Amino acid sequence: MSYEGYNLLYNLFSLGIASMLFTTIFLFVARERVLPRYRMAVMVSGTVTAIAAYHYFRMFDSFNETFGPEAVEGVVYNVGYRYIDWFLTVPLLLVETIAVLALARAVQTKMLVRLVPAAALMIGLGYPGDAQLNLFYEGDASLWGLLSTIPFLYILYVLFVELGKSLDRQPAGVVKKIKELRLLLLATWGVYPIAFIASMNATGFDETSFVLREAGYTIADILAKCLFGLMIFTIARIKSAADDAEFAKTEYKEEVSK
């Protein structure tokens, strides 16, 4: 790998580790700044970034063993670390989105039993194509990409259509933030198939395709997990203030005094 490609990914992996690690610390420390009923959503957000931080350490090690100055001969970069991370964190991202709204239990259950399996299926179907396993025929990555898109579109339908029907009783500030969350999810998740396509037709190792894929995945991960988690925390704060006037007075005393 060229110095430029190596240096770019080295720095992006470092940024990924720092972003995930310190977002985790913030969310767990700050969870007391919301009412108890919303702390689970904040803690799930922190769990997402904690899992991602661990896997970014593993990806960073694999990257250095494959392309670093002391690369181990015969070692191949392990894309499986990223997919294990997604398999665990993507369903949790959807769980925290539903949890922070504090919907009726029946509504939450209905949403989650549809979203979580769809998320797991989306990740599971994408892995063979990204890992170039060629389970059906040579170069079948496009087939796996297409199959993975089906649950992806279903998740978007549930979030934009079904979830939208449950927002009528939410505070105006929460509705606005949820709309921003969904747009963030759409924008960041939209990067993943683009990065997937960048290396879909590569035969063997192609540096340009590899760098585009890993850079795209890493940037999207930081936005979809760290920024997403911080927005979940913001929603939890808004809902806490709307639910409890005393909490609002204590937490927002500067705004109240004005």
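Refer to the structure presented above.
Structure report, in brief. Note that the structure is predicted; figures quoted are calculated from it, not measured. (Residues numbered from 1 in each chain as written. Predicted model: local features only at pLDDT ≥ 70, side-chain atom pairs only at ≥ 80, totals over all residues. Heavy atoms only, no water.)

Two descriptors summarise a pair of aromatic rings, namely the distance from one centre to the other and the angle between the planes of the rings. Scanning all chains against the criterion turns up 19 aromatic pairs. Aromatic pair Tyr6 and Tyr10: ring centres 5.8 Å apart, planes at 40°, arrangement tilted. Residue Tyr6 and its partner Tyr10 are both found in helix α1 (residues 3-30); the two are separated by 4 residues, about one turn of the helix. The class of Tyr10 is partly exposed, set by a relative accessible area of 31%. Residue placement shows Arg182 over the ring face of Phe160; its charged tip is 5.1 Å from the ring centre. (Phe/Tyr/Trp six-rings, centres within 6.5 Å; stacked < 30°, edge-to-face > 60°. Helix = DSSP H or I, 4+ residues; strand = E, 2+ residues; numbered from the N terminus. Buried < 20%, exposed > 50% of the residue type's maximum accessible area, 1.4 Å probe, protein only. Lys NZ or Arg CZ within 6 Å of the ring centre and 35° of its normal.)

What follows concerns the packing of helix α3 (residues 80-99) against helix α4 (residues 105-130). Put simply, α3 and α4 touch, their axes get as near as 9 Å, and they point 160° apart. Regarding the angle of α3 to α4, the classification is roughly antiparallel. The two elements α3 and α4 meet at a crossing, and its hand is right-handed. Contacts between α3 and α4 involve Gly80, Tyr83, Trp86, Phe87, Val90, Pro91, Leu94, Val95, Ile98 and Ala99 from the former and Gln108, Met111, Leu112, Leu115, Val116, Ala119, Ala120, Met122, Ile123, Gly126, Tyr127 and Asp130 from the latter. Class assignment for the residues of the contact of α3 with α4 results in 18 nonpolar, 3 polar and 1 charged. (Axes fitted to C-alpha atoms, helices over the stretch in contact; angles between N-to-C directions. Parallel < 35°, antiparallel > 145°, perpendicular 65-115°, else oblique. Left-handed = near helix turned anticlockwise from the far one by under 90°. Contact = heavy atoms within 4.5 Å. Nonpolar A, V, L, I, M, F, W, Y, C, P; charged D, E, K, R; others polar.)

For the rest of this paragraph, the subject is the side chain of Glu214. Mapped onto the elements, Glu214 comes out in helix α7 (residues 207-243). A polar atom in the side chain of Glu214 sits 3.0 Å from the side chain of Arg213. Excluding its chain neighbours within four sequence positions, the residues that come into contact with Glu214 are Leu9, Phe13, Tyr77 and Arg82. (Polar contact = N/O pair within 3.5 Å; in protein donor to acceptor, adjacent residues only side chain to side chain.)

Turning our eyes to something else, we now look at the nonpolar core. In terms of nonpolar packing, the biggest core is built from 56 residues, with Leu94, Leu101, Leu115, Ile155, Leu163, Ile178 and Trp189 touching the most fellow members. Among residues more than four places away in sequence, those in contact with Ile155 are Leu94, Leu115, Ala118, Ala119, Met122 and Trp189. Among the nonpolar cores identified, the runner-up in size contains 20 residues, and Met20, Tyr81, Phe210 and Ile222 belong to it. (Core = buried A, V, L, I, M, F, W, Y, C linked by side-chain atoms within 4.5 Å.)

In short, shape yes, function no, at least from these values alone.
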